[in-house]
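# An overview of the molecular structure
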Amino acid sequence: MPGYNSSPALVLLAAHCAVMLLLALAGATHGHPPSAAGSRLSSTFYDASCPSAYDVVRRVIQNARVTDPRIPASLIRLHFHDCFVQGCDASLLLDDDLPAIQTEKTVPANDNSARGFEVVDDIKCALEEACPGTVSCADILALAAEISVELAGGPRWRVLLGRRDSTTTNIESTENLPNFFDRLDVLQEKFRNVNLDNTDLVALQGAHTFGKVQCQFTMQNCTAGQPEGALENLDQVTPKRFDNKYYGNLLHGRAQLESDQVMLSDPAAAATTAPIVRRFAGSQKDFFRNFAASMIKMGNISPLTGNNGEIRKNCRWVNKGY
């Protein structure tokens, strides 16, 4: 295991901290780690131990958006791809530390696609200064997802907190990550595997209402002269807003991703997902309410709590050896 100061990534991370503190920690107070006795997630978990946690995360994301408008959509995707593999335990954030740990970042579903890790590093830096050893990387992802949606015009919800961080990754379980080209029955099976139903599937896919995708993954593929890797808006109508226009795109056959359009076009959709797509297309309020409920439900997938796992000092490495 490399020492804390031996990795170039960690050196860069340390350099970021001073800048991020000036931007994100004005008035932050120090706290003590929460008790390990409880096992339930709670929206008040850090009220005593790190009352500034939400504001710290929000400020770092607001600052990151200035130079990277894509970051809100990228951060919610990190939470999604973390929870679908081994539960919401920040295993996705671990870097290679072979032979003990093989990173999930380079599996097909994440390679050259999952992004925003540097912003998570900045959030962790700021929180370690405000409340050392208190806020887990798994909870950072959960908070960042809610804040990113809210900043883009979407719903708010009370984020349940108290997750701890894993000390392992699970490469085999990354096969459960939804794919851009999955059939409807495959998507439904992957969601059922983590106890999510058809309403959760349609609601959570609605996160594709903002953000971008590489053209080679779209239904149209890359157009003539467009290099592979060129970015396309997932929602061509309101690409930077979190709203229900995504579902209108599906109704008109204009989804960018095959795995989105199948929720309406697949023969089995008529009795399962299509009615939900139409509901959400007709009511943004209904979509927002269900999206928030599904995010809370997804955030409860196999969290580590109590004395299980750890609170990483750095989201890229387990604490052993520090």
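Residues numbered from 1 in each chain as written. Predicted model: local features only at pLDDT ≥ 70, side-chain atom pairs only at ≥ 80, totals over all residues. Heavy atoms only, no water.

## Considerations on the nonpolar core
In this structure, Leu127, Phe291 and Met298 are the most contacted members of the largest nonpolar core, which totals 79 residues. By residue number, the principal contributor to this core is helix H5 (residues 137-151), which donates 11 residues. Once residues within four sequence positions are removed from consideration, Phe291 is found in contact with Ile76, Val149, Pro155, Trp157, Ala203, Leu204, Ala207 and Phe242. (Core = buried A, V, L, I, M, F, W, Y, C linked by side-chain atoms within 4.5 Å. Buried < 20%, exposed > 50% of the residue type's maximum accessible area, 1.4 Å probe, protein only. Helix = DSSP H or I, 4+ residues; strand = E, 2+ residues; numbered from the N terminus. Contact = heavy atoms within 4.5 Å.)

## Things to note about the pattern of salt bridges
Overall, the coordinates contain 14 salt bridges when judged by the stated rule. For the salt bridge of Arg115 with Asp68, the shortest nitrogen-to-oxygen distance reads 2.8 Å. With a gap of 47 residues between them, Arg115 in the loop between helix H3 (71-83) and helix H4 (117-130) and Asp68 in the loop between helix H2 (53-67) and H3 connect regions that are remote in the sequence. For Asp68, a relative accessible area of 18% gives the class buried. Linking Arg316 and Asp121 is a salt bridge whose minimum nitrogen-to-oxygen distance equals 2.8 Å. (Salt bridge = Lys/Arg side-chain N within 4 Å of Asp/Glu carboxyl O.)

## Thoughts on unusual backbone geometry
Each neighbour pair has its own omega, and for Leu98 with Pro99 the value is 5°, a cis peptide bond. Relative to the assigned elements, Pro99 resides in the loop between H3 and H4. Positive phi, normally seen in glycine, also occurs at Asn195, with a value near 60°. Counting through the fold element by element, Asn195 comes out in the loop between helix H6 (184-192) and helix H7 (198-205). Phi at Ser302 is positive, roughly 40°, even though this residue is not glycine.

## Section: the side chain of Thr209
Along the chain, the position of Thr209 falls in the loop between H7 and strand S1 (212-214). Since its relative accessible area comes to 0%, Thr209 is described here as buried. In contact with Thr209, not counting residues within four places along its chain, are Asp235, Thr238, Pro239, Arg241, Phe242, Asp243, Lys245 and Tyr246.

## A few points about the state of the cysteines
Following the criterion strictly, the structure yields four disulfides and no others. Through a disulfide, Cys83 is tied to Cys88; the S-S separation comes to 2.0 Å. One quick way to see it: the torsion about the S-S bond of Cys83 and Cys88 is about 120°, and its sign makes the bridge right-handed. Note on cysteine connectivity: Cys137 is disulfide-linked to Cys315, with sulfurs 2.1 Å apart. Between Cys137 and Cys315 the disulfide shows an S-S torsion of about -95°. By sign, it is left-handed. Of this pair, Cys137 sits in helix H5 while Cys315 sits in the segment after helix H11 (284-299); the two residues are 178 residues apart in sequence, bridging distant segments of the chain. Judged by its relative accessible area of 0%, Cys137 falls in the buried class. What makes Cys315 buried here is its relative accessible area of 2%. (Disulfide = S-S within 2.5 Å.)

## Here we look at the UniProt feature "active site" (unreviewed entry) in the protein chain
Under the UniProt annotation, the feature "active site" (unreviewed entry) is placed at His81. Of note, His81 is situated in helix H3. Among all residues touching His81, those that are not within four sequence positions of it are Leu92, Ala109, Asn110 and Leu177. (UniProt positions renumbered as here; feature names shortened; annotations may be inferred.)

## Some words on the environment of Val318
If you trace the backbone, Val318 turns up in the segment after H11. As for Val318 and Ser91, which are separated by 227 residues in sequence, their C-alpha atoms are 9.8 Å apart.

## Some remarks on the confidence of the model for the protein chain
Looking at the protein chain, the pLDDT average stands at 89 and 87% of residues meet or exceed 70. Low confidence marks residues 1-14, where pLDDT is under 50. Its contacts with residues over four positions away, or in another chain, come to 20 contacts. Of the regions scoring below 50 in pLDDT, residues 18-38 engages in 45 contacts with residues more than four places distant in sequence or in other chains. (pLDDT = per-residue confidence, 0-100.)

## Some remarks on the packing of aromatic side chains
All told, the structure shown has 17 aromatic pairs when counted by the stated rule. Judged by centre distance (6.0 Å) and plane angle (70°), the rings of Trp157 and Phe291 are edge-to-face. Highlighted residues: Trp157 in the loop between H5 and H6 and Phe291 in helix H11, separated in sequence by 134 residues. Both residues of the pair, Trp157 and Phe291, belong to the buried class. Here the aromatic residues Trp157, Phe210, Phe242, Tyr246, Tyr247, Phe280, Phe287, Phe288 and Phe291 are joined through ring pairs into a cluster of three or more. (Phe/Tyr/Trp six-rings, centres within 6.5 Å; stacked < 30°, edge-to-face > 60°.)

## Concerning the environment of Thr272
As for its position among the elements, Thr272 is in the loop between helix H9 (258-265) and helix H10 (274-282). Of the residues examined, Thr272 reaches a relative accessible area of 24% and is grouped as partly exposed. Sequence separation of Thr272 and Val202 is 70 residues, and the distance between their C-alpha atoms is 9.9 Å. Beyond its immediate sequence surroundings of up to four residues, Thr272 is in contact with Leu184, Gln188 and Asn198.

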